[in-house]
Amino acid sequence: MELVRVVELERVTNEDWQQVIAGEPEPWGGVGEALRWRAKTHNLGLRDDAGKLVGRAGLVLAEVRVADASLQVVGIGGVIVTRAARGRGLARVLTERVLQIASELGAERAINYRSENVLGA
C-alpha cells in the first residue's frame, strides 16, 4: 500500500472535492448527494505519497442540551475515500483522527450517520 498522511485542510475547495470524487457520479451512493451538509469547523484530508487528496472528513462542534445538562458533541461528516483507494481502512484512519481532535476540543460525544463511533461510550 502506498503511504498516506492525514492533513488538516483550511477549507475544502472544489478542486479538493474533484480529486476525491475522481469522476464518480454518485460518490455518496445516490443518498448524500441530495442532502444539504452543515459547514464543518475542521476539515481533514488524506494525501497519498504524490500529494493527491484521496480522502476527506470533517467535524462540527455543537452544544446539546439533554434534560438540564449541556454537553459538547461533535458531528462527523463528509467521510469519503476515493474509489481507487477504498478497501484499505483509510476511512477508519480519518475517523480516528477526527475523534482524537474532537476529544482534544472537549467533545463528550460524537455522532455520525451510522452512529458507529461514540466518544465516552
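As shown above, the structure is provided for reference.
Parameters at a glance
- Residues numbered from 1 in each chain as written.
- Predicted model: local features only at pLDDT ≥ 70, side-chain atom pairs only at ≥ 80, totals over all residues.
- Heavy atoms only, no water.
- Helix = DSSP H or I, 4+ residues; strand = E, 2+ residues; numbered from the N terminus.
- Rg over C-alpha atoms; globule rule 2.2 N^0.38 Å.
- Buried < 20%, exposed > 50% of the residue type's maximum accessible area, 1.4 Å probe, protein only.
- Areas by Shrake-Rupley, 256 points an atom, 1.4 Å probe, with all protein chains shown as cover.
- Lys, Arg positive; Asp, Glu negative; His and termini not counted.
- Charge placed at Lys NZ, Arg CZ, Asp CG, Glu CD.
- Pairing = 2+ DSSP bridges.
- Axes fitted to C-alpha atoms, helices over the stretch in contact; angles between N-to-C directions.
- Polar contact = N/O pair within 3.5 Å; in protein donor to acceptor, adjacent residues only side chain to side chain.
- Contact = heavy atoms within 4.5 Å.

Undergrad: Whenever I open this one, the overall build of the protein confuses me. Can you help?
TA: Each helix and strand in the protein was counted, giving two helices and five strands. Secondary structure elements of the protein occur, N-terminal to C-terminal, as β-α-β-β-β-α-β. Taking 14 Å as the expected radius of gyration for a compact globule of 121 residues, we find that the protein reaches 15 Å, a close match to that expectation. Along the three orthogonal principal directions, the C-alpha set of the protein runs to about 50 × 30 × 25 Å. Out of the 121 residues belonging to the protein, those deemed buried represent 36%. About 7600 Å² of surface is accessible on the protein, with carbon and sulfur atoms providing 49% of the total. Put simply, the protein has 16 plus and 16 minus side-chain charges, and the middle of one group is 2 Å from the middle of the other.

Undergrad: Looking at this structure, how should I read the sheet that holds strand 5 (residues 109-111)?
TA: To summarise the sheet geometry, strands pair through backbone hydrogen bonds and adopt either a parallel or an antiparallel arrangement. Read across the open sheet, the five strands follow the order 1-2-3-4-5; overall the sheet is mixed. The two strands at the open ends of the sheet, each matched to only one other strand, are strand 1 (4-9) and strand 5. The sheet shows a mean angle of 25° between the axes of neighbouring strands, taken without regard to direction. Where strand 1 and strand 2 (residues 42-48) come together, six bridges link them in antiparallel fashion.

Undergrad: I would appreciate a short explanation of the side chain of E24 in the present structure.
TA: Relative to the assigned elements, E24 resides in the loop between helix 1 (14-21) and strand 2. Assessed through its relative accessible area of 10%, E24 is described here as buried. Side-chain polar atoms of E24 contact the side chain of R86, separated by 2.8 Å. If we ignore the near neighbours within four places in the chain, the residues touching E24 are R83 and R86.

Undergrad: Would you mind showing me how to read the pairing of strand 3 (residues 53-66) here?
TA: One face of the sheet, then the other: side chains in a regular strand alternate in exactly this way. Bridge count between strand 2 and strand 3: six bridges; the pairing is antiparallel. The residue of strand 3 that forms the bridge with L46 is G55. In this structure, the hairpin formed by strand 2 and strand 3 is closed by a connection of four residues, where G51 is found at a positive phi of approximately 90°. What sits between the antiparallel neighbours strand 3 and strand 4 (residues 69-81) is a turn of two residues, in which A67 has the positive phi angle 55°.

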